[in-house]
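Working through the structure, step by step
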Number of protein chains: 2
Amino acid sequence: MSPNYQATASAPVNIAVIKYWGKRDTKLILPTNSSLSVTLDQDHLRSTTTSRADPKFTQDRLWLNGKVDEIKPDSRLETCITEMKRLRKKTVEDKDPKAPKLSTYHVHIASYNNFPTAAGLASSASGFAALVASLSHLYELPVDASTLSLISRQGSGSACRSLFGGFVAWQMGTKSDGSDSLAIQVAPESHWPEMHALICVVSDDKKGTSSTSGMQRTVETSPLLQHRIKNVVPERMEKMTRAIKDKDFDSFAKITMADSNQFHAVALDTEPPIFYMNDVSRAIIALIVEYNRLSRENGGRYKAAYTYDAGPNAVVYAPEANMKEIASLIIAYFPQKAGDFKDVLGLFGAEGAKDINKFGKVPNRFNEAVAQRFEVGAIKGLIHTKVGDGPRRLGDEEGLLNAEGLPKTLA
Amino acid sequence: MSPNYQATASAPVNIAVIKYWGKRDTKLILPTNSSLSVTLDQDHLRSTTTSRADPKFTQDRLWLNGKVDEIKPDSRLETCITEMKRLRKKTVEDKDPKAPKLSTYHVHIASYNNFPTAAGLASSASGFAALVASLSHLYELPVDASTLSLISRQGSGSACRSLFGGFVAWQMGTKSDGSDSLAIQVAPESHWPEMHALICVVSDDKKGTSSTSGMQRTVETSPLLQHRIKNVVPERMEKMTRAIKDKDFDSFAKITMADSNQFHAVALDTEPPIFYMNDVSRAIIALIVEYNRLSRENGGRYKAAYTYDAGPNAVVYAPEANMKEIASLIIAYFPQKAGDFKDVLGLFGAEGAKDINKFGKVPNRFNEAVAQRFEVGAIKGLIHTKVGDGPRRLGDEEGLLNAEGLPKTLA
């Protein structure tokens, strides 16, 4: 039997260049400042979700990577599903009496991330975006992505930004019901396709503070956060928007690095302090700083920009033209385990797939003393990707639920 | 021949609990905010300086740890010596025509730090304080320590705080000539002698940014620094002064840790960012945070406070009663090389001198997962000391210059 009411969608990861840190409403997930991100290509990193509505289902159920993820009452997951059903009723069923009453059916949902949790990449943004996108197709909602972003925001704040491709702003809004706290697209991926990213997956022995609890501790205890919120971020949002529209990588890089630094500064200004970066993270910063210094000293421009979320992983944004040089530099200081480097965009060709370490190279006149050379494993993986599109609707052949409405076993 | 005009003085190290970071005048060394420190016992850590004036000397000369330290024109060293001569002339020679014209003689100065430079402890504060103290005795200046602090400040900002024992504030002042930017004693060492300190000397592969250049980069580029200066530090100075007068360790600890964190936060908010703490520093913070949490969870008080200057070394302030427990905790996570632990205050007695590592002990119910256990050498030395007195005048038998006015060879 072919399912009647099913839809599958994939959604991308996004990495902020103006950071979200702090909620003014923890239930509705309303932020204390606006933020801005780059959507990464879901050809490489994505969450895929299949949603099915069936009158025979006895409860809403969800599987994440094949394992049951309980939908607890009042959880963020339940909120998103409930809101999507409400939107179905209001925008479809209430207007067309003949429309099937899908909002009254239970749903089965299967979701899958194509990147390992161990990579330390936040999967909640792509996950909630894929959930909302698949339900919006299932329910055939006549709404735009910004409207959907209002709902994915309630699953995970930054998930609202994964509803668009390209360069995306999450406008904090001012209303207490959150109805103006949504994502808008600053520019599509086609505007600046040369924007590439190198994700450096950094080992971390210690389990860090979760961003949910960490950001609220910062709101409660950091004397510097309020200044950031009121006096720093609004201007940076304007300048970053302008930099993106102008494809001005110098300004983009400057603001991206400054805002990553400031996010970690307010985390450190928290009681007790929160550290997400470790010595490896610091060393990557030192390499990028020296790499830019060398270029600018010779009359050139910024060539790369680092940014760090709530963990030790670096994401290095750079124009495509610089990426091979940057990857070579990183590899020179952080040798890779054979086979760990996934050269998905073909920087180093077939030779690179055999032994990436021979491509390690430090630019001429580079001050090699800015960082120590690390052992294999300090960076346990490099992912080269680029700006990408927003959620995609996929065909049923890519569906993750079997005929019985249970998750398929994936190869 | 016995020298006619010579004086020897020693001066202590101080470690700030409200941090100095940023100058509003780099020549006069006028800070952007007031700061407050604890003077550490010079029985353990000190600079000793002998100054001699002799009409036969042909130039001002200085030796640091037995090696020539050139007195360059317009250097901070030259400024201090010139200012001291000026003060001699103004307060002594101009008033008493019979007073020898020492201000017209050249001086020979020998200075010695009893702690290794490799320890990473700032020697400039104790060094300039000892220089100024020895010259003030040589010149028999009828001035108080706050007046002398105006001059040592021009050698190294934090040196002004080493002119007093106990708990010392450097009032930033408002005048452009710096005449009100000086140190005052908040409380003498006798007020709160139970205030002990454990210095954890942390290895660092990488040479960090000097505080002189680092703080000016922060002034020029950190959007958060101005907020700290205007809105955070003034209140902390008041509260810290009150905490010291009340011997309120809870408040002392809370402000000390918050201000250390905030200093490192504004360093991180600098472009490019400045990191002084490393993974070992972070691990020590995690231990102290957990140690305090455990005490407070059980209805108790803060038991220790960490603070970090412009480097990875931790200084842990704590009431004497807690110090053995704290040292045991640190040793449990950071085993010491045999003989490297200097148990100067006799925490562990004769047994400790033989093998300190057997005293490593984690308190009951301590969450041991807050930090990894490190290898021998991650903390390369522990110095247990306490609040101490201000500069001391020493007898000629402790002088560092020989009959010829050259540095004695020290055993």
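Presented here is a report on the structure given in the accompanying data block. The written sequence of each chain sets the order in which its residues are numbered from 1. Working convention: letters from A go to chains and numbers from 1 go to ligands, in the order in which they are written. Per-residue local features are limited, in this predicted model, to residues with pLDDT of at least 70; the limit for side-chain atom pairs, both in listing and counting, is 80 or more; totals at the level of whole chains, interfaces and linings are taken over all residues. Side-chain measures were taken over the full set of non-hydrogen atoms in the model, leaving aside hydrogen atoms and water.

Comments concerning the pattern of salt bridges
- Basic side-chain nitrogens of Lys or Arg form a salt bridge, by our definition, when they fall within 4 Å of a carboxyl oxygen of Asp or Glu. Summed over all chains, the structure comprises 44 salt bridges over all chains.
- B:Asp389 serves as the salt-bridge partner of B:Arg392, at 2.9 Å between the closest nitrogen and oxygen.
- Accessibility here uses a 1.4 Å probe with only protein chains present; expressed as a share of the type maximum, an area under 20% marks a residue as buried, one over 50% as exposed, and anything in between as partly exposed. The class for B:Arg392 is partly exposed, based on a relative accessible area of 27%.
- Residues participating in the shared-partner salt-bridge network are A:Asp41, A:Asp43, A:Lys386, A:Asp389 and A:Arg392.

Digging into the state of the cysteines
Residues and elements named next belong to chain A.
- Any two cysteine sulfur atoms within 2.5 Å of one another count as a disulfide. All told, the structure shown has zero disulfides over all chains when counted by the stated rule.
- Cys80 provides the cysteine sulfur closest to Cys160, a residue in no disulfide bond, and the two sulfurs are 11 Å apart.
- Relative accessible area serves as the criterion here: at 0%, Cys160 is assigned to the buried category.

What about the packing of helix α5 (residues 225-245) of chain A against helix α6 (residues 249-268) of chain A?
Residue and element names in this part refer to chain A.
- It is at 10 Å that the axes of α5 and α6 come closest, and there the two elements cross at 160°. Put simply, α5 runs roughly antiparallel to α6. With respect to the hand of their crossing, α5 and α6 are arranged in left-handed fashion. Only Ser251, Phe252, Ile255, Thr256, Ala258, Asp259, Gln262 and Val266 of α6 make contact with α5, whose side of the interface consists of Leu225, Arg228, Val232, Arg236, Lys239, Met240, Ala243 and Ile244.
- As a working rule, the residues Ala, Val, Leu, Ile, Met, Phe, Trp, Tyr, Cys and Pro are called nonpolar, Asp, Glu, Lys and Arg charged, and the rest polar, with Gly in that last group. A per-class count over the contact of α5 with α6 returns nine nonpolar, three polar and four charged. Only C-alpha atoms enter the line fits that serve as axes; for helices the fit covers just the stretch in contact. Angles between N-to-C directions range over 0 to 180 degrees. In DSSP terms, a helix is any run of H or I states spanning at least four residues, a strand is any run of E spanning at least two, and both are numbered starting from the N terminus. Any angle that is under 35 degrees is reported as roughly parallel, and any over 145 degrees as roughly antiparallel; angles of 65 to 115 degrees are reported as roughly perpendicular and all others as oblique. Should the near helix be turned anticlockwise from the far one by less than a right angle, the crossing is termed left-handed; should it be turned clockwise, right-handed. In what follows, residue pairs with any heavy atoms lying within 4.5 Å of each other are defined as contacts.

Observations concerning the pairing of strand β10 (residues 167-171) of chain B
Residue and element names in this part refer to chain B.
- Among the five residues that make up β10, four are buried, leaving the element largely enclosed by the rest of the structure.
- Two strands pair when backbone bridges link them, and strand β5 (residues 35-39) and β10 are joined in this way by four bridges, in the antiparallel orientation. When the sheet's bridge partners are listed, Ser37 is paired in β10 with Val168.
- What makes two strands pair is DSSP finding at least two bridges between them. With five bridges connecting them, β10 and strand β11 (residues 182-187) associate as antiparallel partners. Bridging from a neighbouring strand, Ala169 pairs with Ile184 of β11.

As for the relation of the copies chain A and chain B
- To line up the copies, we fit them by least squares on C-alpha atoms, keeping just the residues with pLDDT of at least 70 in both. Superposition record for chain A on chain B: RMSD 0.0 Å, screw rotation 180°, translation along axis 0.0 Å. Here the symmetry operator amounts to a two-fold rotation axis. Minimal C-alpha separation from the rotation axis in chain A is found for A:Ala265, amounting to 2.1 Å.
- Interface overlap between copies is the fraction of interface residues in one copy that are interface residues in the other; for chain A against chain B it reaches 100%, indicating a shared surface.

Concerning the environment of B:Asn313
All names here are of chain B.
- Note on placement: Asn313 falls in the loop between β13 (305-308) and β14 (314-319).
- Between the alpha carbons of Asn313 and Pro335 there is a distance of 16 Å; along the sequence they are 22 residues apart.
- Within polar-contact distance, the side chain of Asn313 engages the backbone nitrogen of Val202 at 2.8 Å. N or O atoms closer than or at 3.5 Å make up a polar contact, with two conditions inside protein: a donor-capable atom paired with an acceptor-capable one, and, for residues adjacent in sequence, both atoms drawn from side chains.

Description of the packing of aromatic side chains
All names here are of chain A.
- Aromatic rings from Phe, Tyr and Trp, taking only the six-membered ring of Trp, are treated as a pair when their centres fall within 6.5 Å; an angle between ring planes under 30 degrees marks them as stacked, one over 60 as edge-to-face, and anything in between as tilted. One pass over the full model with this rule turns up 26 aromatic pairs over all chains.
- Judged by centre distance (4.9 Å) and plane angle (25°), the rings of Phe334 and Phe374 are stacked. Of the two residues, Phe334 sits in the loop between α8 (320-333) and β15 (341-342) while Phe374 sits in the loop between α9 (349-354) and β16 (379-386), which places them 40 residues apart along the sequence.
- Judged by relative accessible area, Phe374 falls into the buried class, the value being 15%.
- Put simply, the rings of Phe167, Trp192, Phe249, Phe252 and Tyr317 touch in pairs and so form one group of aromatic residues.
- Taking the ring centre of Tyr333 as reference, the NZ or CZ of Arg373 above it sits at 4.6 Å. Counting as a charge over the ring demands two things of the Lys NZ or Arg CZ atom: a distance within 6 Å of the ring centre and an angle within 35 degrees of the ring normal.

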